[in-house]
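# Fold and geometry: a report
Residue-level listing of the chains:
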Amino acid sequence: MLSVRGNNFEQNVLYSSFCKLGDVIVNATILSNDEIACNVPVYNASVDQYVSIAVSVDGGYNYHSSESRILLALHPLPVLLSTHPQTLPENGNSEIKIFGENFPNSSHLACQFGNQTTVIAVWKSRSLLECKLPSIQSGETNVRVSTNGQSVGMTNSIPFSISDVLALTSIIPRVGLLGGGSFVRLHGTGFESKSIFLCRFASVSVTASFVNSTTARCRVPSFGLHNYNETRVVVEVSANNGHDWTIQSNVHFTYIPQVFLSSIEPSMGSATGGTSLSLIGSFKGIELDALSCRFRCGGSTLLSHISSVSDKEFQCQSPRFESKSWGRDKVYTVDIVLRDDVNLSLVNNPVTFAVYPKVKVKRISPSTGSEFGGTNVTIFGEFPRSGSLACKFDNVLSPFGVWVSKHYIICSTPPASRSFLFSPLVELSIALNGIEFESATKFLYTKASHIAKIFPAFGPRSGGTLLVIYGEGFIVNESNEGLCSFNGVLTEAEVVSSSHVKCRTPSSISTGPVLVKMTFDEGKQFIDSDLTFMYTMQPIVTSIIPSYVSARESTVVRVYGENFDSYGGGGAVKISLGRMTIDGFITDEGYISFMSPVSENTISSYLRLSLNGQDFTASGLVFSIIKPPVVFDIAPPFVHEEGGIPIIITGADFVNMLHVPCRFQFGSKDVTVRAKYISPTALECTAPELEGSFGSVKVELLFFQISSPDNPVFEVNYHSLTSILSVSPSLIDSTVRTELNVIGLGFMQLSNDVYCQFRVDGSKGSNDSFAKANVKSNEILQCWTPKFKDMNIGEMMNSVGISIVVRYSQKFYATAGVKSTFSLPIHSGAVLDKVSPNTASIYGDIVVDVHGDNFINSEHLHCSFAFEDQVFETAAMYRSKSLISCYVPAITSFRETTLSSISVSNNGHDFSNGLSFQHRNPFELEEMHPHIFMEDGATNITIFGRYFYRHRSLVCSISGERRAIFTKAWYISSKIVQCDMPTLEPGSYSAHVQTDSIHAIRALKFNVYPAVEINDVFPLVGPLSGGTRVVISGLNFRNEMDMSCQFGNQPVLSKFISSSEVQCWSPSAQSLGPRESEIRIVHNEGLTFLESRRFNYVNQPEIESVSTSVITGKYLGNDLSNTVIRVGKVIAQIDFISDSGDYIEYSMSNDLQWGDDVRIPLTISTNGGSDYSLPGPEITIARQISVSTISPTFGLVIGGVKVSLSGNGFEHHVNAACRFGTIVVEALVESPHSAECVSPVQTSPGPILLEFSNNGFDWTHNGMIFTYETPFIISIIKPQKIPSTGTRLATCVSPTLITCVSPTSFVE
């Protein structure tokens, strides 16, 4: 509809109104007196046209036009082609470019979004309009253009998206290295998958990947691409390829340099964690809250937050380390990583940190010490090596601590705090790293020790004086032990109490005073004193006068000797008699005097002397206080004329060492002999010879060596000598009693109790037999022999001695001076008890022991083996009366076991009883199991063969080059024996089986190999379907070992690869579902090389959807270290895995190039690349656009430089363009690998990014730098005139002198 304004447009109901547009007449409607509306016809104009306008209000009779001749412009209908961007946020005020054809340059141009909202459009060219987006609700809409501000003339519509308001709330991580390359996750709102996302770090933009409506990710560009020095930059995002950016998001990213670590303090810490660590290095400009300390050892990774940071120091605490299976300390590498990206290390030189288990203390020595400190305490236990050892006593730092070995350390005690007076038992704590103190045990502080006096003050130089030291502060420990020092010579001390100590003096080579000190810490610290102990000469006692006294009265006794005055006086003289101690004194004459005590009992003892009241010197002299003895009886009361017969005097109160004479008186003869002390109730006097004296003899005991009426007197009867001349009969039968006639002299003078004594030679009287004798006359008596075979006699009887004795008071006394001995050979038959061993090989050639009785060492001694109709006699060797050895002969037998009878003869004629004896076939060995052995030993071996039998002496013999080892064997059957297998070194060996009499015919050869060491099993995860190749890595594998893997109870074969690698494949567990299964590496003969590991059966990964950066599905894994993504044959980098295993973020290397768009399958492995899933949906890898070089790389700020670009993916397109910084210029594409563009004008010099786009929207990000430079300023040209023919040199004077060659011709 066309509105025409004027005046006098009066409505006439009789006429219609018309408008005439050029030659075309159309209906019109009068709207008011000054406005009329005309219907505009459809024009199919291909070019712009202009027509005149006239109106008629009288039915077309008259047409009126303006004097200025208003023209109506008719344009070809515009066509809309595209918009840029295709998406804008709903908050409005964003600029949109509309591309199309036939846009007129009109002030009435308008953009309409949807069916309602219309805004003014700004004409830029026939193919480009710009308009501001109003605030519109998000969603899909369309845009049209009106060329006249009305619905008439509206263009076609094209789709357009209104997105939610794009907002960036945070990024993770917020820091990264100056070199860039790390990924950040963007969090916000309004993210859409179909949008072309860009991230902008300050002025540098990079492509972002859509994850979900609130998350995207992008790679951080290098800080070197920025045109300023500030490392903290603003981060923005664009959802429409850089057209609109988030603003006022206040999200920043900080570039930090790579950290250099010089050291870590402390360099070791406890496995319980919590060690405050200082990482020393260069950390200027690094934010604290974005970083963590990372600890790695093997496959273990632990993190710890950084608590503070400065330009030269980081501080963090060590985490808790797992230490269940530790036998020693471990070393972790420590570096610094981003808290939100633990795989990005900021350190190029990690430091090491040693982790040790909890300190184990067994005991300390000493456990007590002085309050003044300085006690060196040795602490025993288990301690890793440490150069920073520190100790605390009652929370006070020790002045000295040193690590000596892994078994003990030494710490010095500091002075005790004042609280020790109330609680002397204090806590001893240890810090192996000098910082972390662990409670170890208790230490007891004691008061400062002081020596007040000693007693005695002197003693002999031979030492041994019990010295009592009095004082205070003595240390009472568990063992109550200390040391005394005598001029540096140490002796053990007994601590009786804190004020009382006892010790014995050591010996000294000289006399004189020595300083006395005390120590309670094994000589590390001494208690000084000025007290001395005087060493003196040992007193010597030479005589005691008298040497014995009466017990009825006190007597003065004098002791004579040497060195009695060497003490200088002042001593306490003591005399010791047994348990009695008597005071004495040194007389002026130099001897010692004391008074003997009165006693009711006899006292006889060695006298001991002490001059200091402590040390008693043995005199070697006996002193006796005697109670006069009483005599009751004597025995025997008769002796013969030659004397020599002991007479036992019984009585009471006899004293040892008492010199009591016995005086024998017969007529004028008087003989005195010394009495021998036997017991307090018996003395013995030997009767002297009184030749020719027969009858009663008076005997007196002279007590106190004088004759006294109180001395006992008794009588002894002397008689003539009794002799045995012969015995009849001269041979005695050992089995019967025989009446003997003994012929001799002097029998009639004996008493009625006369006996014959029979003593077997060699029995020493222990088995003597006595028989009552009948005295027939002075020359004849009779007695009966005993049955010698009934006497308990251990050795062979050769002869019997016969004597005549008299019985008195139940005892027998000899009467004759001659002993008659008669040889009596006795023969008894041998008796066999057992034979050992009782088995031998049929080949014989061994010696057996025969046990029994009555064996005789004769030349006729031999053995006999009898079986069936054969008898073999062999030599025998006499070893004792009850033992001989026999040689076993070889026999001929075809049975496995043959029995014979073995017997023995002493004389070669008469044989003993027989014993059963076995002859067996020798063992035959055929094979052994297992046949492979390691040096660390198998538990047992099984040997197969023939002729084995059960026997207590059955053993296995393992023989090597140097020795044979015997091990216990178990009989299983006649064909099987099992043996213990000892630990053997690698080498060649032979195995035997034997008993004490049977040996194997041949040995079995076998080899022992070095022990198998298994270092790693990978992977330990595999799919339920099985087929996972499991690689076992280690040492000393051999192909002949027949190794296999056992998954649970299911064995599978293995494949030998090399001495350090074996492979096997997991079996299927499809029916059991996901689970853990034990895996063992075993020898097929049962030898286990590896204790069980846990093998996880998991579901096969199922891929549901993929994009170039995100994978979703099920069972995708949650272990970053074991998950692998393969795109075609290329391994992608995994950036993030969800804990639930249904989401993965990944990225591809920027170096990969494709010539055209390609579709590539993607697979996933959850066990380190051993097994891959079925291919998921193929992903499309778009042809990559990249710029590799530009030439030239610089130009003037006035622009106009033609720049050549080399690279890949260039396309001939109307919108191909180059972007210099933010200025876009057209590009001329020459081929897919080359293009050209002209540099635009720039306002200031400096480097800017040069990028290329095929469509004007998607730009490369290859970091090409084009540098703008300031143009030269020419001040003088010399010469100013040159001929038109050129070739003359001209000099341009500027900041730099330039010489130019003029052209050969000029064009005006």
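Residues numbered from 1 in each chain as written. Predicted model: local features only at pLDDT ≥ 70, side-chain atom pairs only at ≥ 80, totals over all residues. Heavy atoms only, no water.

## Considerations on the overall build of the protein
Applicable threshold: A run of DSSP states H or I qualifies as a helix once it reaches four residues; a run of E qualifies as a strand once it reaches two. Both are numbered from the N-terminal end. Working definition: with a 1.4 Å probe on protein chains only, accessible area under 20% of the residue-type maximum means buried, over 50% means exposed, and in between means partly exposed. Only heavy atoms matter for contacts: two residues are in contact if any of them lie within 4.5 Å across the pair. Working definition of accessibility: Shrake-Rupley area with a 1.4 Å probe, residue cover restricted to the visible protein chains.
Across its full length, the protein carries zero helices and 119 strands. Counting across all 1308 residues of the protein, residues that qualify as buried make up 45%. Looking at the protein alone, contacts between residues at least 24 apart form 59% of all its contacts between residues at least 6 apart. Surface summary for the protein: the accessible area is close to 66100 Å², and the carbon and sulfur share equals 50%.

## A few points about the pattern of salt bridges
Basically, it comes down to this: The salt bridge definition used is simple: a Lys or Arg side-chain nitrogen within 4 Å of an Asp or Glu carboxyl oxygen.
Summed over all chains, the structure comprises 19 salt bridges. One salt bridge in this structure joins Glu1251 and Arg1219, with 2.9 Å as the shortest N-O distance. With Glu1251 in strand β115 (residues 1246-1253) and Arg1219 in strand β112 (residues 1217-1220), this pair connects stretches of sequence that are 32 residues apart. Both residues of the pair, Glu1251 and Arg1219, count as buried. Several salt bridges share partner residues, and in doing so they unite Glu95, Lys97, Lys124 and Glu130 into one network.

## Here's the deal with the confidence of the model for the protein
Rule in force here: The predictor reports its confidence for every residue as pLDDT, a score running from 0 up to 100.
Per-residue pLDDT for the protein averages 81, and the proportion of residues at 70 or more is 86%. Note that pLDDT drops below 50 for residues 817-825; the model gives that stretch 24 contacts with residues more than four away or on any other chain.

## What about the sheet that holds strand β107 (residues 1162-1165)?
We apply this condition: Only strands that DSSP links by at least two bridges are regarded as paired with each other. Note on definitions: angles span 0 to 180 degrees between N-to-C directions of axes, and those axes are lines fitted to C-alpha atoms, for helices only across the stretch in contact.
Here six strands make up an open sheet; going across it, the order is β101-β102-β105-β104-β103-β107 and the pairing antiparallel. Two strands close off the open sheet at either side, each with one partner strand: β101 (1102-1106) and β107. Averaged over all adjacent pairs, the angle separating strand axes in this sheet is 35 degrees, with direction ignored. In the sheet, strand β103 (residues 1124-1127) pairs with strand β104 (residues 1130-1137) via three bridges, with the strands oriented antiparallel. If you follow Arg1126 over to β104, its bridge partner there is Ile1131.

## A closer look at the state of the cysteines
Operational definition: Only a pair of cysteine sulfur atoms within 2.5 Å counts as a disulfide in this structure description.
Within the structure shown, the criterion is met by ten disulfides. Shown here is the disulfide that connects Cys199 with Cys218, its sulfur atoms set 2.4 Å apart. What sets the handedness of the Cys199 and Cys218 disulfide is the S-S torsion sign, and at about -115 degrees it is left-handed. With Cys199 in strand β18 (residues 198-201) and Cys218 in strand β20 (residues 215-219), this residue pair connects regions lying 19 residues apart in the sequence.

## A few points about the nonpolar core
So the rule is basically this: For the purposes of this section, nonpolar cores are sets of buried Ala, Val, Leu, Ile, Met, Phe, Trp, Tyr and Cys residues that join through side-chain atoms within 4.5 Å.
If you look at the biggest cluster of nonpolar residues, it comprises 29 residues, and the most contacted ones within it are Leu279, Leu291, Ile336 and Leu346. Elements represented by at least two residues in this core include exactly β16 (175-177), β23 (260-265), β25 (276-282), β26 (291-297), β28 (313-317), β29 (330-338) and β31 (351-356). Of the residues forming this core, the biggest block, four residues, is contributed by β29. The contacts of Leu346, once residues within four sequence positions are left out, are Leu177, Ile256, Gln258, Val259, Leu291, Ile336 and Leu338. Formed by 25 residues, the second largest nonpolar core is a distinct cluster that contains Leu954, Ile965, Val977 and Ala991.

## Brief notes about the environment of Arg579
When you line up the elements, Arg579 lands in the loop between β53 (574-577) and β54 (580-583). The exposure class of Arg579 is exposed, given its relative accessible area of 89%. Spatially, the C-alpha atoms of Arg579 and Ser605 are 9.2 Å apart, while their sequence positions differ by 26 residues.

## Some thoughts on the packing of aromatic side chains
The test is simple: Stacked, tilted and edge-to-face are the three classes applied to pairs of Phe, Tyr and Trp rings, where Trp contributes its six-membered ring and a pair requires centres within 6.5 Å; stacked means planes under 30 degrees apart, edge-to-face means over 60, and tilted covers the rest. Distance and angle both matter: a charge sits over a ring if NZ of Lys or CZ of Arg is within 6 Å of the ring centre and within 35 degrees of the ring normal.
For the coordinates displayed, the defined rule picks out 27 aromatic pairs. With centroids separated by 5.0 Å and ring planes inclined at 55 degrees, the aromatic side chains of Phe223 and Tyr255 adopt a geometry described as tilted. One end of the pair, Phe223, is in the loop between β20 and β21 (232-238); the other, Tyr255, is in strand β22 (residues 252-256), with 32 residues separating them in the sequence. Centroid distance Phe486 to Phe533: 6.3 Å. Interplanar angle 80 degrees. Geometry classified as edge-to-face. Here Phe486, found in strand β44 (residues 481-486), pairs with Phe533, found in strand β49 (residues 532-536); they are 47 residues apart in sequence, far enough to count as distant. The same class applies to Phe486 and to Phe533, which are both buried. Through a chain of ring-to-ring contacts, three or more aromatic side chains come together here, namely Phe201, Phe223, Phe253 and Tyr255. Between the NZ or CZ atom of Arg363 and the centre of the ring of Phe380, over which it lies, the distance is 4.0 Å. The residue whose ring lies beneath Lys453 is Tyr470, and the NZ or CZ to ring-centre distance is 5.1 Å.

## Notes on the side chain of His919
Here is the rule we go by: What qualifies as a polar contact is a pair of N or O atoms within 3.5 Å, subject to a donor-acceptor requirement within protein and to the restriction that residues adjacent in sequence count only when both atoms come from side chains.
For His919, the position within the fold is in strand β84 (residues 915-920). Looking at His919, its side chain comes within polar contact range of the side chain of Ser900, at 2.9 Å. Ignoring any residue separated from it by four or fewer positions in sequence, one finds His919 in contact with Ala840, Ser841, Ile842, Phe865, Val888, Ile891, Glu896, Thr897, Thr898 and Ser900.

## Observations concerning unusual backbone geometry
For the peptide bond that leads from Glu265 to Pro266, omega is -10 degrees, which places it in the cis range. Looking at the element boundaries, Pro266 is found in the loop between β23 and β24 (268-270). Geometrically, the link from Phe455 to Pro456 is a cis peptide bond, its omega value of -5 degrees lying close to zero. One can find Pro456 in the loop between β41 (450-455) and β42 (458-460). Positive phi, normally seen in glycine, also occurs at Asn395, with a value near 65 degrees.

## Re the pairing of strand β87 (residues 940-946)
Where strand β85 (residues 924-929) lies against β87, five bridges are found, and the strand directions are antiparallel. Looking at the pairing, Met928 lines up with Ile943 of β87. Note that β87 and strand β90 (residues 976-980) share five bridges and pair antiparallel. For Thr942, the partnering residue across the bridge sits in β90 and is Gln978.

## Quick look at a nonpolar patch on the surface
As a reminder, the rule being used: Grouping into patches uses exposed residues only, defined as over 30% relative accessible area, and leaves out salt-bridged ones; the cut-off is 9 Å for like charges and 5 Å for nonpolar side chains (Val, Leu, Ile, Met, Phe, Trp, Tyr).
Where nonpolar side chains cluster on the molecular surface, the patch consists of Val13, Leu14, Tyr15 and Tyr61 and spans about 540 Å² of accessible area. Examined against the element boundaries, Tyr61 turns out to sit in the loop between β5 (49-56) and β6 (71-74). Using a relative accessible area of 65% as the deciding quantity, one classes Tyr61 as exposed.

## Side note on the sheet that holds strand β73 (residues 780-784)
In space, the four strands of this open sheet follow the order β68-β69-β73-β72, with antiparallel pairing throughout. The sheet is open, and its two borders are formed by β68 (723-728) and β72 (774-775), each paired with just one other strand. Summarising the sheet, β72 and β73 pair through two bridges and their orientation is antiparallel. Considered in β73, the bridge of Val775 is made with Leu781.

## Points about the pairing of strand β57 (residues 603-610)
One ladder, built from four bridges, connects β53 with β57; its direction is antiparallel. Considered in β57, the bridge of Lys574 is made with Ser610. What sits between β57 and strand β58 (residues 617-626) in their antiparallel hairpin is a turn of six residues, with Gly613 showing a positive phi close to 80 degrees.

## So, the environment of Val331
The residue Val331 is located in strand β29 in this model. Residue Val331 is classed as partly exposed on the basis of its relative accessible area, which comes to 48%. Each C-alpha atom, one on Val331 and one on Met268, is 8.6 Å from the other, the two residues being 63 residues apart in sequence. Apart from the residues within four sequence positions on either side, Val331 is in contact with Arg296, Cys297, Thr352, Phe353 and Ala354.

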